Amino acid sequence: MNNNKRQFGARPSGLPRGVRSRSITIVIYLFLAAISLAVFGQTIRYDFVNFDDDVYVYNAPAIQAGLTAKGIALAFTSPHARNWHPLATISHMLDCQLYGLNAGGHHATNVVLHTIAVLLLFRVLRQMTGAVWKSVVVAALFAVHPLHVESVAWVSERKDVLSAVFFLLMLDAYVRYARAASMTRYLAVAVLFAAALMSKPMLVSAPVVLLLLDYWPLHRFEHPSSTRGKVKIVKSTNQRRLIRRLFLEKIPLLVLSAGSCVITFVLQKRATGAIAPLPFLWRVQNAFASYVIYVWKTLWPTRLAVFYPHPNNTLAIWEVILAIGFLLAITVVAIVFRRERPYLFTGWFWYLSMLVPVIGLVQVGEQGHADRYTYLPHIGLFLLAVWLAADVTAVRQSRSRFALATAVVIIVAMAWAAFIQTSYWRNSETLWTHALAVTSDNDFAHNNLGYLCVDRGELDKAISHFETALRIRSSRRDTHYNVGSAFVQINLADALARKGQSDEAMVHYEEAIKLEPNYADAYYNRGNVLFAKGRIDEAIADWEKTLQIQPNDADAHTGLGNALLRQGSLKEAIAHYEKALALAPKDPHSRINIAWVLATSSDASIRDGARAVEFARKAVELSNSGDPKFLRTLAAAYAETGQFSQAIAAARQGLAIAASEGDFPLANLLQGDIALYREHVPIRKIYPMN
């Protein structure tokens, strides 16, 4: 009778239980999607930032070309931004195919992928635990936690949100496999895991997470059949066999992890300008401290920045000891109470294991820690906290209501903090200015602000930022910082050169080369300054050195072509221009230089008017016809083929642009060219077009 009462009393709305359950699920999905979009939807109005977005998208020709068969092949066979994550690379290509370089479209893809990950997380947790509302809270915290802003609002972190989607799809497939094992379902798990690794190698520890889920909430470590009445030794033997089978089951996945580790390690070591590792003791100390910092920032996510300088050897020994003690204490609690509260064990070791690849033991870059590294490890902490809070408050109904109200307040507070943090990503200036406001001695932020000022033509501000960055770095003597210091030296030298202070620029180029003798950019940029000063032989030596270090540097080939052209070595110059053209087919400068030589050479064996017109037309097309020098070359090419009316028209167009820009020397040259064309006389003067 009690059962009948429950059955009849379970439908106050008159709806079947399954329909009501589906309605609630739909409402939950809509809620989770809504809070994700409310926080991150603002990013569709944001720009790219000058931190890796250039390497990943807007200065990457293979990405800008969109989705092509050649591009897809390159994604799988070549590194991108010093890493191998072909699926993330292809996703950037697809964005360029759809949106071009409209940053809003690229941001929108990140937001959509993050939202999908949030919905998948709720689905997976509900399937594994059957706890709907706890799963909602975990998914909501994952959706709006401020530490996740970096992963969603930064276009370059596409690999985070994409890998999360594949990781959670893998967990979904694993739940199905755990309930009814089959080879097909296992292959689905393996394929999705491989896709996650090809989105971001950080997922190498995922097999450990699967073992933790086997313990709880899947309970696969418990033998399904009853052992009541059997001898204890039989039960123990069965348990060992079961555990051994679960471990053996993960071996193919561990092989995939090992392969990803090898590829990542090799690429990082082979990368040009790879950063030397910090002393091992510094890395270990910072790793322990970072684990605790992430826990603290999970609870109190304030003063967040895109870049946190590494503490090096400045951590006090008591800080390290306290961090180790804290981590050991929670680890012991998780182990001791693993039977009564198994979610403590799974949640805590999920957090610890997923952070291992990025905790800093293998140092990549100069950051001490990074918010984005918590994106998936956070799920473990959220599991632990939500299930523990639910257990503690489950004794009394009033406490449960209080817990629900508290959860709502926390989610709203986190969403608001994340909304504010996301607003700092609107452009590079707000991003780095905020970083300087919430961190100290942040040379990285000063350097990137300086780089931004150079792009704007604010050279004095740029020089000030670069000098501040170098002043901060002067206290960091470890060789780990040589590459970064050389980069700042080059930036300062470039700014000084653009301001006309070439002698001061040369000093900083030489400092960069002392710090990093095989820094190709230092030689190339110094070669440009030497060429502008008329020191042609020295410029040639620097550009040849650049090509020794980076044989496929198209700009260095173009520079050598210009220098050889200045010396009158026309055939050698053309050879370098052609190499530059082969390496960078969309760069108009090598094309326009070849066209100029072919159109104006006094050597009839070199002149080729038809090819000159072809090269010049393409160069003008690639440069959007905005450069009067390009139009002058096109006019000279037309004149060489006898098309003097077209030559006059192109020269007049270039003259109008040069006059509007105030470039009167070039305007005078074009007027002289037009006078020649009216007399049906082509140009026969060699002039290197830069």
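Residues numbered from 1 in each chain as written. Predicted model: local features only at pLDDT ≥ 70, side-chain atom pairs only at ≥ 80, totals over all residues. Heavy atoms only, no water.

Chemist: Could you clarify how one ought to interpret the packing of aromatic side chains in this entry?
Modeler: Aromatic rings in a pair are described by how distant their centres are and how their planes are angled relative to each other. The final tally for this structure, using the stated rule, is 22 aromatic pairs. Seen from their ring centres, phenylalanine 51 and tryptophan 154 are 4.7 Å apart, and the 25° between their planes marks the pair as stacked. One end of the pair, phenylalanine 51, is in the loop between α2 (17–40) and α3 (53–58); the other, tryptophan 154, is in the loop between α9 (149–153) and α10 (158–179), and 103 residues separate them in sequence. Geometrically, the ring pair formed by tyrosine 177 and tyrosine 186 is edge-to-face, given 5.5 Å between the ring centres and 65° between the ring planes. Across the pair, exposure class does not vary: tyrosine 177 and tyrosine 186 are buried alike. Every member of this aromatic cluster is reached through a ring pair, and the members are Phe51, Trp154, Phe307, Trp425, Trp432 and Phe444. It is arginine 476 that lies over the ring of tyrosine 481; its NZ or CZ is 5.7 Å from the centre. (Phe/Tyr/Trp six-rings, centres within 6.5 Å; stacked < 30°, edge-to-face > 60°. Helix = DSSP H or I, 4+ residues; strand = E, 2+ residues; numbered from the N terminus. Buried < 20%, exposed > 50% of the residue type's maximum accessible area, 1.4 Å probe, protein only. Lys NZ or Arg CZ within 6 Å of the ring centre and 35° of its normal.)

Chemist: Would you mind showing me how to read the pattern of salt bridges here?
Modeler: Pairs may arise between side chains of opposite charge once their charged atoms sit close together. Applying the stated criterion across every chain, the model contains 28 salt bridges. In this structure, arginine 158 engages aspartate 95 in a salt bridge whose closest nitrogen and oxygen atoms are separated by 2.7 Å. A residue pair is termed long-range when its members are at least 10 positions apart, and arginine 158 in helix α10 and aspartate 95 in helix α6 (residues 86–99) qualify at 63 residues. Overall, arginine 158 belongs to the buried group, its relative accessible area being 0%. Ionic pairing is found between arginine 632 and aspartate 673, a salt bridge with its closest N-O pair at 2.6 Å. With arginine 632 in helix α31 (residues 628–640) and aspartate 673 in helix α33 (residues 664–678), this pair connects stretches of sequence that are 41 residues apart. Across this residue pair, the class does not change: arginine 632 and aspartate 673 are buried. If you follow the salt bridges from partner to partner, you end up with Glu150, Glu157, Lys159, Asp160, Lys200 and Arg372 in one network. (Salt bridge = Lys/Arg side-chain N within 4 Å of Asp/Glu carboxyl O.)

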